[in-house]
Amino acid sequence: GCPAGILDGEIYPHLPGAPSFELCLAAVLLQVMQVSLMVSQRRLGPRWFVPWLCLPHVYNYRRFLQAPPLGSECVICMLE
């Protein structure tokens with residue numbers, strides 16, 4: 001029949017080199033790094049780790065409006 005391999009009728013076949021402690025540790029560390037990044041974004045804001053040089057210019061919607069000098073025309077109603 002068939003040559004001996006990983007499909008020998010077992011429900012959970014044993015793969016060569018498994019279980020790998022280094023691979024499990026790497027997967028757990030990657031998951032911990034992702035969760036810690038998401039927690040830090042929740043606490044410090046979503047853009048805290050992006051350098052300010054890479055951030056786009058933000059428009060200031062709260063700028064102060066300077067009143068026109070007295071005696072000037074009204075641009076909207078064109079009155080004097």
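Owing to the predicted nature of the structure, the values given are computational and were not obtained by experimental measurement. (Residues numbered from 1 in each chain as written. Predicted model: local features only at pLDDT ≥ 70, side-chain atom pairs only at ≥ 80, totals over all residues. Heavy atoms only, no water.)

## Some thoughts on the overall build of the chain
Line of reasoning, step 1. Summing up its helical and strand segments, the chain has one helix and zero strands in all.
Line of reasoning, step 2. Taking all 80 residues of the chain together, 2% fall into the buried category.
Line of reasoning, step 3. Per element, the accessible surface of the chain, about 8,600 Å² overall, is 68% carbon and sulfur. (Helix = DSSP H or I, 4+ residues; strand = E, 2+ residues; numbered from the N terminus. Buried < 20%, exposed > 50% of the residue type's maximum accessible area, 1.4 Å probe, protein only. Areas by Shrake-Rupley, 256 points an atom, 1.4 Å probe, with all protein chains shown as cover.)

## As for the packing of aromatic side chains
Line of reasoning, step 1. Summed over the entire model, instances satisfying the criterion amount to two aromatic pairs.
Line of reasoning, step 2. Seen from their ring centres, tryptophan 48 and phenylalanine 49 are 5.7 Å apart, and the 80 degrees between their planes marks the pair as edge-to-face.
Line of reasoning, step 3. Using a relative accessible area of 42% as the deciding quantity, one classes tryptophan 48 as partly exposed.
Line of reasoning, step 4. For phenylalanine 49, a relative accessible area of 40% corresponds to the partly exposed category. (Phe/Tyr/Trp six-rings, centres within 6.5 Å; stacked < 30°, edge-to-face > 60°.)

## Concerning a nonpolar patch on the surface
Line of reasoning, step 1. Judged by side-chain polarity, Leu37, Leu44, Trp48 and Phe49 come together as a nonpolar surface patch covering roughly 410 Å² of accessible area.
Line of reasoning, step 2. Within the fold, leucine 37 resides in helix H1 (residues 21-44). (Patch = residues over 30% accessible without salt bridge, like charges linked within 9 Å, V, L, I, M, F, W, Y side chains within 5 Å. Salt bridge = Lys/Arg side-chain N within 4 Å of Asp/Glu carboxyl O.)

## Concerning H1
Line of reasoning, step 1. Along its 24 residues, H1 runs 34 Å from first to last C-alpha, staying within 8% of the 34 Å computed at 1.5 Å per residue.
Line of reasoning, step 2. Looking one or two residues past H1, glycine 45 carries a phi angle of roughly 105 degrees, positive in sign. (Expected span 1.5 Å × (residues − 1).)

## Remarks on the side chain of serine 40
Line of reasoning, step 1. Mapped onto the elements of the fold, serine 40 is located in helix H1.
Line of reasoning, step 2. Take serine 40: its relative accessible area is 16%, and that puts it in the buried class.
Line of reasoning, step 3. Those residues in contact with serine 40 that sit more than four places away from it in its chain are Gly45 and Trp48. (Contact = heavy atoms within 4.5 Å.)

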